[in-house]
Structure formats: C-alpha cells, structure tokens
Amino acid sequence: MLTTLWAQRWHRAVVLSALFLFPLLVSAQTGIIAGTVVEESTGETLPGVNVVIDGTTQGASTSLDGDYRIASVSPGTYTLVFTYIGFTTQRVTGVEVTAGEVTTIDLAMGEEPLDLGEEVVVEARAIRNNEATLLRDRARAVQVSDAISAEAISRSGAGDAADAMEKVVGASVVGGQYVYVRGLGERYANTQLNGSNLPSSDPDRKAVQFDLFPSSLLENIVTLKTFTPDKPGDFSGGLVDISTKSFPEQLTFSLSTSTSFNSETLGSDYLTYAGGGSDWLGFDDGTRALPDVFVNPDPDMPIPQRGPTTNDLRNTDQARDYANAALLYYGGETFNGQFQPATGSQPINQSYSLTFGNQNQVFGNPLGYVISGTYGFEGKAYDGGVENQYSFASPGDLAPDFLLTSARGQERVDIGLIANASYRLGPNDEFSLNTLYTRTGEQDARFLSGGWPKEFGANDSTSIYATRVLGYKERDLLTSQLRGEHVLPSLFNTRVEWSGSLSNTRQEEPDLRFFTNTERLIGTDTVLTVQASGFRQPTRLFRDLEESNASAKLDITVPLRLLTTQNSQIKFGGLVERGDRSFEERFFEYVVASPELIPFEGDPDAFLSQENVGLLDSTGTGFFRYSYGHIIRDASRTENFYDGTREVVAGYLMAELPITERLRVITGARVESSLLETRSQGFDFFDVLDENGDPVVNENGDVVQDSTRLGGTIDELDLLPSLNVVYSLSDNMNVRAAATRTLARPTLREFSPATSFDFAGGYLLLGNTDLDRTLINNYDLRWEWFTRPGEILAVSAFYKYMQDPIERAVVGGTNGQVQYQNVPSATVQGLEFELRSRLDRLAAPLANFSVGLNLTLTDSNIDIPEQELVARQRSRCTQEELDGGTCDVEKQRELQGQSPYIVNADLGYQNFESATAASLLFNVFGSRLSNVGFAGVPDIFEQPSPQLDFTFSQGFFDDTVRVKVGVKNILNADYEEAYEFEGETIPFTRFNLGRSYSFGVTYSL
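Please read these numbers as outputs of a predicted model, since none were measured by experiment. (Residues numbered from 1 in each chain as written. Predicted model: local features only at pLDDT ≥ 70, side-chain atom pairs only at ≥ 80, totals over all residues. Heavy atoms only, no water.)

1. Concerning the overall build of the protein chain
Then step 1. Within the protein chain one finds 10 helices and 55 strands.
Then step 2. Counting across all 1005 residues of the protein chain, residues that qualify as buried make up 52%.
Then step 3. Within the protein chain, residue pairs in contact and separated by at least 24 positions form 71% of the contacts whose partners lie at least 6 positions apart.
Then step 4. About 43100 Å² of surface is accessible on the protein chain, with carbon and sulfur atoms providing 54% of the total. (Helix = DSSP H or I, 4+ residues; strand = E, 2+ residues; numbered from the N terminus. Buried < 20%, exposed > 50% of the residue type's maximum accessible area, 1.4 Å probe, protein only. Contact = heavy atoms within 4.5 Å. Areas by Shrake-Rupley, 256 points an atom, 1.4 Å probe, with all protein chains shown as cover.)

2. What to know about the state of the cysteines
Then step 1. Tallying each qualifying case throughout the model produces one disulfide.
Then step 2. Here Cys877 engages in a disulfide with Cys887; their sulfurs sit 2.0 Å apart. The S-S bond linking Cys877 to Cys887 shows a torsion near 75°; that makes this disulfide right-handed. Pair noted here: Cys877 is in the loop between α9 (866–876) and α10 (879–884) and Cys887 is in the loop between α10 and β46 (892–893), with a separation of 10 residues, a long-range link. Like Cys887, Cys877 is buried. (Disulfide = S-S within 2.5 Å.)

3. Details of the packing of aromatic side chains
Within a pair of aromatic rings, the relevant descriptors are the distance that separates the centres and the angle that separates the planes.
Then step 1. For the coordinates displayed, the defined rule picks out 20 aromatic pairs.
Then step 2. Ring plane angle 50° and centroid distance 5.2 Å describe the contact between Tyr84 and Phe87, whose orientation is recorded as tilted.
Then step 3. A relative accessible area of 12% places Phe87 in the buried class.
Then step 4. Aromatic ring contacts, followed pair by pair, group Phe339, Phe515, Tyr590, Phe600 and Phe607 into a single cluster.
Then step 5. Looking at Arg288, its charged tip hangs above the ring of Tyr472, at a distance of 3.9 Å from the centre. (Phe/Tyr/Trp six-rings, centres within 6.5 Å; stacked < 30°, edge-to-face > 60°. Lys NZ or Arg CZ within 6 Å of the ring centre and 35° of its normal.)

4. Considerations on the pairing of strand β22 (residues 397–424)
Then step 1. Of the strand pairs in this sheet, strand β21 (residues 365–394) and β22 are connected by 25 bridges, and their pairing is antiparallel. Paired with Leu367 across the two strands is Tyr423, which belongs to β22.
Then step 2. Turn length for the β21-β22 hairpin, with the two strands adjacent in sequence and antiparallel, is two residues, and the turn residue Gly396 shows positive phi of about 80°.
Then step 3. Strand direction decides the pairing type here: β22 and strand β23 (residues 429–451), joined by 22 bridges, are antiparallel. Bridging across to β23, Gln410 finds its partner in Asp444.
Then step 4. The antiparallel hairpin formed by β22 and β23 contains four residues in its connecting segment, where Gly426 sits at a positive phi of about 80°. (Pairing = 2+ DSSP bridges.)

5. A short note on the nonpolar core
Then step 1. Among the nonpolar cores identified, the biggest contains 19 residues, and Ile33, Tyr68, Ile70, Leu80, Phe82, Ile105 and Met109 are the most heavily contacted of them.
Then step 2. When contributions to this core are tallied by element, the ones reaching two or more residues are β1 (31–39), β2 (50–53), β4 (67–73), β5 (76–83), β6 (89–97) and β8 (107–109).
Then step 3. Phe335, Phe339, Val530 and Leu608 belong to the second largest nonpolar core, which has 17 residues in total. (Core = buried A, V, L, I, M, F, W, Y, C linked by side-chain atoms within 4.5 Å.)

6. Notes on the side chain of Arg446
Then step 1. The residue Arg446 is located in strand β23 in this model.
Then step 2. Classification of Arg446 as buried rests on a relative accessible area of 16%.
Then step 3. A distance of 2.6 Å separates a polar atom in the side chain of Arg446 from a polar atom in the side chain of Glu387.
Then step 4. When residues no more than four places from it in sequence are discounted, the contact partners of Arg446 are Leu271, Pro341, Tyr382, Glu387, Ala407, Arg408, Thr467, Arg468 and Val469. (Polar contact = N/O pair within 3.5 Å; in protein donor to acceptor, adjacent residues only side chain to side chain.)

7. Let's talk about unusual backbone geometry
Then step 1. With a phi angle near 55°, Phe363 is a residue other than glycine that sits in the positive phi range.
Then step 2. Within the secondary structure, Phe363 is located in the loop between β20 (349–362) and β21.
Then step 3. Of note in this structure, Ala915 is not a glycine but carries a positive phi near 60°.
Then step 4. Here Ala915 is to be found in the loop between β47 (901–911) and β48 (916–925).

8. A short note on empty space enclosed by the protein
Then step 1. This structure, assessed with the given rule, holds 11 cavities of 30 Å³ or more.
Then step 2. If you add up the space inside the second largest cavity, you get close to 150 Å³.
Then step 3. In terms of lining residues, the second largest cavity is bounded by 20 residues, among which Gln192, Gly195, Pro232, Lys553 and Leu575 are the most central.
Then step 4. Those elements that provide at least two residues to the lining of the second largest cavity are β14 (196–197), β27 (494–522), β29 (539–560) and β30 (568–591).
Then step 5. Among the elements that take part in the lining of the second largest cavity, β29 stands out by supplying five residues, more than any other.
Then step 6. Class assignment for the residues of the lining of the second largest cavity results in five nonpolar, nine polar and six charged. (1 Å grid on protein atoms, 1.4 Å probe; cavity = no way out; pocket = protein on both sides within 12 Å on 5 of 7 lines; lining within 4 Å. Points joined across faces, edges and corners; volume = space filled by probe spheres on them. Nonpolar A, V, L, I, M, F, W, Y, C, P; charged D, E, K, R; others polar.)

9. Things to note about a nonpolar patch on the surface
Then step 1. The grouping of Leu907, Leu920, Phe950, Phe952, Val965 and Phe999 at the surface amounts to a nonpolar patch, some 450 Å² of accessible area in total.
Then step 2. Given the relative accessible area of 30%, Phe952 is considered partly exposed. (Patch = residues over 30% accessible without salt bridge, like charges linked within 9 Å, V, L, I, M, F, W, Y side chains within 5 Å. Salt bridge = Lys/Arg side-chain N within 4 Å of Asp/Glu carboxyl O.)

10. Structural notes on the pattern of salt bridges
Then step 1. Under the defined criterion, the tally for this structure stands at 40 salt bridges.
Then step 2. When the shortest N-O distance is used, the salt bridge between Asp511 and Arg513 registers 3.2 Å.
Then step 3. Of the residues examined, Arg513 reaches a relative accessible area of 1% and is grouped as buried.
Then step 4. Close ionic contact of Glu791 with Arg841 constitutes a salt bridge, the shortest N to O distance being 2.9 Å. One end of the pair, Glu791, is in the loop between β40 (774–785) and β41 (792–803); the other, Arg841, is in the loop between β44 (825–838) and β45 (849–863), with 50 residues separating them in the sequence.

11. Things to note about the environment of Leu255
Then step 1. By secondary structure assignment, the location of Leu255 is in strand β17 (residues 252–262).
Then step 2. When the C-alpha positions of Leu255 and Ser353 are compared, they lie 5.7 Å apart, and in sequence the two are 98 residues distant.

12. Some words on the side chain of Asn349
Then step 1. Structurally, Asn349 is set in strand β20.
Then step 2. We classify Asn349 as buried; its relative accessible area is 3%.
Then step 3. For Asn349, the side chain forms a polar contact with the main-chain nitrogen of Gly379, separated by 2.7 Å.

13. Points about the environment of Asp269
Then step 1. In this structure, Asp269 sits in the loop between β17 and β18 (270–272).
Then step 2. Between the C-alpha atom of Asp269 and that of Thr343, which follows or precedes it by 74 residues, the distance is 5.5 Å.
Then step 3. Those residues in contact with Asp269 that sit more than four places away from it in its chain are Thr343 and Gly344.

14. Re the confidence of the model for the protein chain
Then step 1. Looking at the protein chain as a whole, the pLDDT averages 79, with 78% of positions reaching at least 70.
Then step 2. Residue range residues 1–28 is modelled with pLDDT below 50. Its contacts to residues more than four positions away, or to other chains, number 29 contacts.
Then step 3. Low pLDDT, under 50, characterises residues 125–130; the predicted model gives this stretch 11 contacts beyond four residues in sequence or across chains. (pLDDT = per-residue confidence, 0-100.)

15. Details of the environment of Phe925
Then step 1. Residue position: Phe925 is located in strand β48.
Then step 2. Distance from Phe925 to Gln947, taken between C-alpha atoms, is 9.7 Å for residues 22 residues apart in sequence.

In structure tokens:
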C-alpha cells in the first residue's frame, strides 16, 4: 500500500516537473552585465551611478542598493564606463560576455576626482564568492555580526534553516528547531524574516521554529550580536534575520529532486498509525478532528463520575435520563479507537524544489521576480532506545523509578512557497513585495516498555510498564511584506525606508493519544492493569494555537558632513507592532470500566473499541436501568483557553560619527512602550469586602463572593541606550567594542494562567501572570581581520548581566509542578574564535581548498529560586544536615540550554573549472542543561553528540546538471540526555540517530 502511494507521488512530481520544464528549454542568445557600485572610502553603496557600454547606447543606472543590470548584451568583450557627479569616472576593460550567462562587475568609486575629466582604467574582475560578499558587509557593519550565505548552506548539505544555523559562530540548535545564540535560550533571541519580526507557532516558546524554512528558499542568514537603536530591543543573545531568495539578474529556472535513507530505519519495524488521506500534504483531513458532539457541548451535559458499583453513575437523575446521558456517552463512540502503534515498512524519503525567476522591463523600468516551491517527505525511526527515570530514594541516594526501552517512528512533510517581486521606479525609488508560506505536518508513534523496579516504595521487579503515544502536529506560517526604499537627492541624498508586514502562524495538535498499562505476575497469574494508581487514564488531547502579527516601521537616514571628510549620518525612525494569540486545549480522559465488566487483555484498541464505550445496556431496572462501559470525561481546564495581546510602540535616534579617519562611534537610544495582556476563560473567585475591609455576608450568612477573569498585564516604558565603537587598525582589520541595554519579555504562554501536562516529563507546567520583563546589560569586544576576500580571523569576548531573568522553577515541592518565575539575577560570559581561510597559504596546489573553524567558550550562572533550592536540599541532605546548617548545596547553576563550548569546523573543496565541490563538516557542543531537576530528581543534561557530515557535488553540461551525494552523522553518534550526579552520568533518554545517506540531482538554466 505504501509502495503504491509513493509511486503515485513520484509520478505526480515527474508530470509537474515536465509541465514547468518544457517551455524553458530554450537557450538564451545574449548575456547580462550586472554588479554593485560602492563608495571607496566607506564601502556604502552608490545609487544613481550611470553605467554605459563604451561605444553603444546600452547602459543602466544603479539602484538604491548600488546594483545595476544591463540585459540583452551580445556575446563579446566590452569596456564599461562608470560616471557619477563628484566622483572619478572609471573605465573597466576586458568585460567578457557569454550567451546565457551573467558577467558580474563590482566596482568601488573614489569620491574626489583627480582632475576634471580624468579617468581611471581598471581590469574587469568577476566576483563569484557570496561568502566574500557577506564578509565585506560584516567588515563595514556597525554591529558585531555573523552570517552564512546560500552558497555555504548548499555546501553544508543543510536541509533547512535549523541545520544551517549549526554552522554559525556561537549558535547551537536545540531539538532540531530552536536556535540558541551564545548559549542563551530562545527568549533572548529575536527572529526576523526579511527584516520583519516573525511570530512563533509553538504554544510554549517565544522562538520561531527554524525547521519551517527549507534551505532552498534561503538567500542568507545574518545574526546580529550587538544591539543598535534601529533594531528591536528584545534580544540579547542574537537577532537572526532570515533572507529569502531575491530576484535574479536573468532568466533562472532550477528543478531539483533528492532521496535519502537512514541506517537506523533499515530492517526495523517502522512504527506508524493510520492517519488521514491528506497527510502527504502536511495537514489532517478531519480524520483526527474532535467529534462534533464535543465541539460545542451542551453546558447542561453531566460530568460523569464512577460510583461505588461497576455500572452506575453517582447522579441518579442523570443516570436515568437517557436523552441527556446518551448525548455525551454516545459521543465517545465517535472517537477513533486506535491507541496501539502499528508496524510497517519505511516509506521513501524524497524532496523536490522548483525555482523560476527573471527580470523584465515594465513601463521602461525593471521588474524582478522569483517564485519558488519545495516539497519534502522524511521518515525517521529508531528501536532499542533507553528511557530511564531516577529519583532520590533517600537523601543523596539516587535510585531508579523505572528502566524502559523505547521505539519511535516519525513521518514529516514540509512544504514551502515564496513569491517575491521588486519594481524600480527610476534610480531613486524601489518597491518590493515578499510573500512566504511554509507548512509542516508531523506524525509520531511511540512505544515504551520495561521493568518497574520500585513501585510506590515496594520492590517489585515482576512489574512491566508500557505506554503508547500517537500524535500529529501541523504548523504553518504565512507572511507578506511590502517595502519601499527612496533616495531624496534634494535633501542631501536622504534615504527613506518603510515597510509593512502581516504574518499569521498556526499550530494544531489534533487527537494526541496516550495509553499506559502495567503487567504484573502475581503467583502464576499475569494481571494487566490500566487504571493503576499514579497513572493517567487513557487520554486524548486537542490543541490549537493561532497567532497573527502586524507591524509597520519607518527608517530615515540623513548623510552629514561633521567631524571628518568621511560621511556621518543620523538615523531615526519608529516601529508599531501588534501580535494577537488565541489558544485552546481540550482534554479528554477515559474513565475506564471495572476489570470485571471490561477486562484489559493487552490490546488497547480492543479495550477502547466503540462497543466498549458509552451506553452498553438500557434494559435494567430502577437505579441500574442503564449500564455504561468506559466513559469519556471532558477534563478541559477553562484557564487553558486564553487570548493574549502584545503591543510595542518604539522610536529611536542614532548617529554614526567618524571621529577620525579610522574611528567610528555609533550611538543613540531606543524607547519602547510595551503592553502585554493575557485573559483566559477561567475565573479567580474572591470575597467581597465592605468599606472596613470585612467580608460582606448575605441574608443566609454566607460570605458574598465576586470573580474576575484570570490573566495579567505588563505595561512598561523602557529606555535602551546603545554605544558601538569601531576602530580600523588597517583597511581590513577592525576592533569593535559595544555597551548596550536590551530586554526580554515573557511569552504569552508564560504570562498566561494556563496549566498543561507534559506527557514526556510527567509534570504540570504552570504559567505566571505576575512575571516581569528582564533587563540585560551587554558588553562586547571583538578583534577581526579580513585577511583576503572570503577570509576572516576574529576573536570576541562578551559579558551579560541579567536582572530578573525568567526561568522554569519548582513550585510544588514533590507534586511535580513547574512554573515560570523571575529569579534575582544571572550572568553570562564567554569567548569566541573564528577562522576562515583558503589553503593556498600553505601550498599553491591547495588553492581550491578552504578551511573554517569557530569555537565558543561560555560560562553562565543563575541564582537558584528559593523553592527549587529547598527541594534540592531536601533531596540531597539528611534531616540532621538540614537542622545543623551543614547541607552543602550549590546556590547557583548554569542557564538552561547553555553549553560550555561549541565547536564548528569544515574543510571545503571548490573547483569552478571542473564544477566540483565537496565539504566535510564537524559540529559538537558541550553538555548543556536541558531539564532542571524537580521533585527529588537531579538535573538532566543533553550530552555531546559529535556530528561529522560529508557532501560531494559534481556539475555536468556546463553545470546545468548537478549531482549531489551526502552522508550525515558519519560517526553514528547517539542522542543522549543524562543525569549528572556525583561524577556519574546516568542515561535519561538515549537513542541512535543513525547515518543518513542522500542522493540528489538539480537541473538549472
């Protein structure tokens, strides 16, 4: 069945590809000359430069970004003439144009002419290295920044933006989705798409899920590590700006397809379950939808509770009311009854990408556009994983609660679409429209089983624990952005930039199912139990999050002549942004019938089949007229239905001042007014007091109560100053220093009154409406040497002091409750090292080889919250030590997600003549805190997992066809989280990632 289904998908893809490919199989007969013109002294782009092919009437003017493009140029060798008022005219000779190709000529123009009418003649050079372009931008940037280009992303074999970010200095990826910069959690990062903030589709985190962005849609990813007033103030670790593909200089078409497999899935029983007919498109077709009877339930429906006998309800009136009771209990029969994962063969991993773009003249001005789409399916699985849970049996004595083996199967679909267009209205005005849509659908089937050596304080090694989880999650993001850039020559070439964006993201988890049972050998009898003390009943969960974001911003840059002959500039502007979120969580439990009525014989699907749910018999008499089997109970909590609003209004003023020819100071401040509100459907009840503060009593003697909706409000006005200093030791060497203040606001989930159950961790996670925002003082120092185009050597140091940071803390002692809280303070300090170089420095024959290395060393400390500290003391110290004040427990720990070190290294080979490329990449991070221990459980750390990947690609037919092969996780490293206690490392979760092998083909024009 699966083989037939995937064969149909391959057929659809081939037909679709042929339809797009057929009209484009015509070779271009002319070429294009394009490039960028910058000012020699500052590196700033020059708009309005006239570029003419000598001896012809063909030419163009540079855009606001200094770009120019001359199309329909016949093959041959030409001379270009660059002219601009007040600048030296330059002639570029030896410009070779080839049919169907773009010849790139970038130029730096000197501001002061030698003599009126004198020209400078230079030889043409084509710039092909996109990494070099990004490094040039970094060299003249006002902030400390890092970047990765589409070229480097392609070489690394990254499948999405999350994979790509693993190559960035100081960045680590947690859970394959969330980016931590300099070890700081996602709350301390800000993510933008083409310069506009993105909402998160995760109900519990601020972070944007980077795996939503297929790598084939990306132009580059830039990470800013220091704050300037023209950027949002709510980041400290880094601001990550994802740029999607921009329009090309000529007709571009590319079609690629690839397939892969993982060694861990070969020969294994692939866990799966029956989904919907549209799963292959990344969304559920209604198969997992909540039954209609529960969507808008009758408020008078009874809440079923078992009575003292096996088949009665405690409310006799409801039990005898067939119409009322059956309305709810028959509803349970409409649920899908599958709780047991099925086994099947591994589906075929496959991906497709299609891109089409061009630039045409419309009303005499250039219109550029690009349309790109991606589709990918990936199945992953493992068997023989480890799931262990430990706690302190007595103070300082760590003992297992249960030791389990696990198996898991996951199927994931990714769809991405972009449509970008840009129109240049003369040399001084440009408009662009960018639209992006991404969708991800993930199916998850999991089974855990094993011994339970310590059951409720009694050693019982004959017990076997088994749990099954079936889940599906679909996420999507739609964002559109309209931008404008204008240069006003009459106002000192003032640059005006504006943008407006709308984003909507959604995450749905329809019908997450959870079923647990034990198997115990009592004498010679095997007893299966579903309703065991301490276990949750069989459960179904439905979650729906939707968040929209609208923003508008304006930036005005005024060039000035102030202290030196170099350009100074004043920049000011503002931002208005609003985000709205709605979240719903429906929670249903099976109140299972007694074993005498419906015994559990090992098959969850049979046990919860429709004939065993709801009304079983209506032929009884009196109190026992109706007999019920398993009952569906709506256990939803009203506080878990909440709405949230986030509003930010900001204004800023900053100045870039060249104090001397080599010293630049960038300073200013940003003012941000923020409003954060959450309101749930739950209510907080309180006594009504009279004017004397005494409770008001009614005529029956009862205290009068009133209520208010649960929720909270943060309304703050913050001043965020910034000082960045750049000193150029030479033309290609800088020293940077920065002192800034930023902030971190709680997420709407953290600030809500919602309480949710974590199936994996087994604890309740509580929101907190009393949270405050975190203020952060940041200090940075960097030395950077851009030795040659595309090369860099840099060393950085940073220190951060956080006031009132937000952490997850224990609040319930031993009852497994964790809540977000402000803790007093935290510090983060570290060093970063970066090297990129070609190896011709060692020997000329190695000119096609390059090496990259970056290392981050970090130390963090946070004051442990009081309640968490008390829980740690009680679990690690005896009562005598507690009473005597000799309990020695650390009062500080590292931040969650903080790695003491991160290492990225790569060895690359690039031969343009033979169209050959290869790359060997290595990544590893130090042990990082993933879960803070609570309820007598030690801290859990994600262990180092060294990754070694290799990619090789070869171009054919003038590089119109490129074949790529790759191997990921060559070292076959495991994923492991473990307890670290008194020098021991004890597994908490461990499974093998397996080696992944891929093969792909790309056709491009």
